[in-house]
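Here is how the chains run, residue by residue.
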Amino acid sequence: NDGYYRNDGNLSWYDEALQRGWTIGAAGSSDSHWADWGTSQEFRLAILAESNTRKNLLEALKRRRFYSTLDKDLKLSFEINGFPMGSIIKPGNYKLSVKATDGGLEKFILISLIKNGKTLVEWKMNNTNPEIDQKIITSSGDYYYVKVKQEDADEAISSPIFIRNE
C-alpha cells in the first residue's frame, strides 16, 4: 500500500523507510489483545537464528535475519552469494537465491524480486517448493528483497540485502 509520502511512485511504508537510508528488516505481526494473542493469528515474524536461545535470537534480530509472513508454516530463504537476508555486502556481480516451502504443502504462485522499491523480476509458478537462482549486478546504495505469494493469497516478505561500499 502507499506509505506516508505522496508523489513517490506509491512506495510502501517499508520502501519509504529503506529509500531514506534506514537499515531495517521486514518485521510484521498482528496486534491482538485477546487471551490467545500468540496463536489467534497466522501472522508471524520468522527469525533465522542458529538455535532457539535468547543469545542467538537477539543476534539474528540485530543482523536483520528475519522475515514477515502471513502463514505460520511458510519458510523463506533469500541470499546473495551465500549472504542471507539482512546482510550488507559490497557492490559486484552475484548470484541471488530464493527458496520457499510450506509445511502444509500450499502452492506458491508468485515470487517478486524488489530492487530499490520497484519490482525488478517476477516469477509466476504453481509450485510447492520453488527455488530461484538469478544473476544480478549490484551498485552501491541498492537494496534487494523478495516477496512470495501463495495460492491462498498469503504472503511473506524478506528483510533486504543492502549493497554498500562500507
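Residues numbered from 1 in each chain as written. Predicted model: local features only at pLDDT ≥ 70, side-chain atom pairs only at ≥ 80, totals over all residues. Heavy atoms only, no water.

**Q** Sorry, what's going on with the overall build of the protein chain here?
**A** The number of helices and strands found in the protein chain is two helices and 12 strands. Reading the helices (α) and strands (β) of the protein chain from amino to carboxyl end gives α-β-α-β-β-β-β-β-β-β-β-β-β-β. The principal-axis extents of the C-alpha atoms in the protein chain amount to approximately 45 × 40 × 30 Å. Counting every position in the protein chain, which comprises 166 residues, the buried fraction comes to 39%. Expressed as a percentage of contacts within the protein chain between residues at least 6 apart in sequence, the contacts between residues at least 24 apart total 56%. Accessible surface for the protein chain amounts to roughly 9700 Å². Of this, 49% is attributable to carbon and sulfur atoms. Within the protein chain, the 23 negative side-chain charges are centred at a point lying 7 Å from the centre of the 22 positive side-chain charges. (Helix = DSSP H or I, 4+ residues; strand = E, 2+ residues; numbered from the N terminus. Buried < 20%, exposed > 50% of the residue type's maximum accessible area, 1.4 Å probe, protein only. Contact = heavy atoms within 4.5 Å. Areas by Shrake-Rupley, 256 points an atom, 1.4 Å probe, with all protein chains shown as cover. Lys, Arg positive; Asp, Glu negative; His and termini not counted. Charge placed at Lys NZ, Arg CZ, Asp CG, Glu CD.)

**Q** Mind showing me how you'd approach the sheet that holds strand S9 (residues 131-137) here?
**A** Adjacent strands of a sheet form backbone hydrogen bonds with each other and so pair up, either parallel or antiparallel. The strand order across the open sheet formed by four strands is S4-S3-S6-S9, and the pairing between neighbours is antiparallel. Each end of this open sheet is capped by a strand with a single partner; those strands are strand S4 (83-84) and S9. Both strand S3 (residues 74-80) and S4 contribute to a ladder of two bridges, which runs antiparallel. For glutamate 79, the partnering residue across the bridge sits in S4 and is proline 84. (Pairing = 2+ DSSP bridges.)

**Q** Before we go on, may I ask you to explain the environment of leucine 105 in this structure?
**A** By secondary structure assignment, the location of leucine 105 is in the loop between strand S6 (93-102) and strand S7 (108-115). By relative accessible area, leucine 105 is classed as exposed at 58%. Distance from leucine 105 to threonine 128, taken between C-alpha atoms, is 5.6 Å for residues 23 residues apart in sequence.

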